[in-house]
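# An overview of the molecular structure
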Amino acid sequence: LAQFLDNDEDGIPNSQDLETSTPIGSMVNRFGINVTSINYYNGELNNLPSIYFLTGSSTVDMSNSNNISAIGLFLENNISIRLKVIGHTDKIGNEKFNKRLGLRRAQAVINYLVSNYNISEDRLIATTRGEEEPLSVTRKGSKDKLDKGQKTNIKLQSNRRVVFEIFR
């Protein structure tokens with residue numbers, strides 16, 4: 001349980017956080033180090049955590065509480081920032097279904113930020129890339145380890161996500 005503690009609420013567990021006392025709402029990189037300017041690679045913020053989903057789901061569940069809290073606090077403390085919220089899916093299901101699912105995921109994250117952090121909805125725009133930009137792929141017919149609860153390949157979990165880009 002200690003491996004999931006996040007004392008400074010920056011979305012980075014203490015076990016991986018190199019700066020464990022960043023001020024609440026600070027923008028941090030993947031190591032929990034305070035970033036003083038907005039750094040992004042190809043438009044995608046490399047220091048905001050992603051939000052992950054179960055297969056076929058668009059529900060923002062408690063497993064994302066630290067990550068979405070970090071995003072909400074970041075937006076509260078940086079009122080001029082507007083984000084494109086981009087939903088992604090794994091390859092399970094057809095392309096049309098996955099496009100809709102990605103969009104539902106993005107909208108669910110927006111709804112969560114609006115209702116729980118009072119972020120103005122006009123600062124957030126939902127979009128989807130569906131299954132187009134996977135982080136992880138598997139070979140056809142692969143017998144890789146399965147997640148018993150979801151009956152899907154564990155490697156595909158990283159594809160079921162929402163990421164963020166700055167937009168103007």
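Residues numbered from 1 in each chain as written. Predicted model: local features only at pLDDT ≥ 70, side-chain atom pairs only at ≥ 80, totals over all residues. Heavy atoms only, no water.

A few words on the pairing of strand β5 (residues 124-130). Strand direction decides the pairing type here: strand β4 (residues 83-88) and β5, joined by 6 bridges, are parallel. Note that in β5 the partner of I86 across the bridge is T127. Handedness of the crossover joining β4 and β5 through helix α2 (residues 95-117) is recorded here as right-handed. (Pairing = 2+ DSSP bridges. Helix = DSSP H or I, 4+ residues; strand = E, 2+ residues; numbered from the N terminus. Right-handed = clockwise from strand over helix to strand, strands pointing away.)

This next bit is on the side chain of R161. Relative to the elements of secondary structure, R161 occurs in strand β8 (residues 161-166). Discounting chain neighbours no more than four positions away, the residues touching R161 are S50, I51, Y52, F53, I86, G87, H88, R105, E133 and L135. (Contact = heavy atoms within 4.5 Å.)

This part covers α2. Taking 1.5 Å per residue as the helical rise, α2 with its 23 residues ought to reach 33 Å, and the 33 Å between its terminal C-alpha atoms agrees with that figure. Looking at the packing, one finds that the buried side of α2 touches β3 (51-52), α1 (65-77), β4, β5 and β8. Of the residues flanking the start of α2, the one acting as N-cap is N94, its side-chain oxygen 3.1 Å from the backbone nitrogen of K96. Backbone geometry just after α2 places N118 at a positive phi near 55 degrees. (Expected span 1.5 Å × (residues − 1). Polar contact = N/O pair within 3.5 Å; in protein donor to acceptor, adjacent residues only side chain to side chain.)

Attention now goes to α1. End to end, α1 covers 18 Å across 13 residues, agreeing with the expected 18 Å (1.5 Å per residue, within 8%). For α1, every residue scored as buried is listed here: N67, I68, S69, A70, I71, G72, L73, F74 and L75. The inward-facing, buried residues of α1 contact β3, β4, α2, β5 and β8. (Buried < 20%, exposed > 50% of the residue type's maximum accessible area, 1.4 Å probe, protein only.)

Another aspect to go through is the nonpolar core. Among the nonpolar cores identified, the biggest contains 23 residues, and L75, V109, L113 and F164 are the most heavily contacted of them. Of all the secondary structure elements, the ones that give two or more residues to this core are α1, β4, α2 and β8. Broken down by element, the residue count for this core peaks at 6 residues, all from α2. In this structure, L75 is in contact with I81, L83, L113, I119, R123 and L124, ignoring residues within four places of it in sequence. (Core = buried A, V, L, I, M, F, W, Y, C linked by side-chain atoms within 4.5 Å.)

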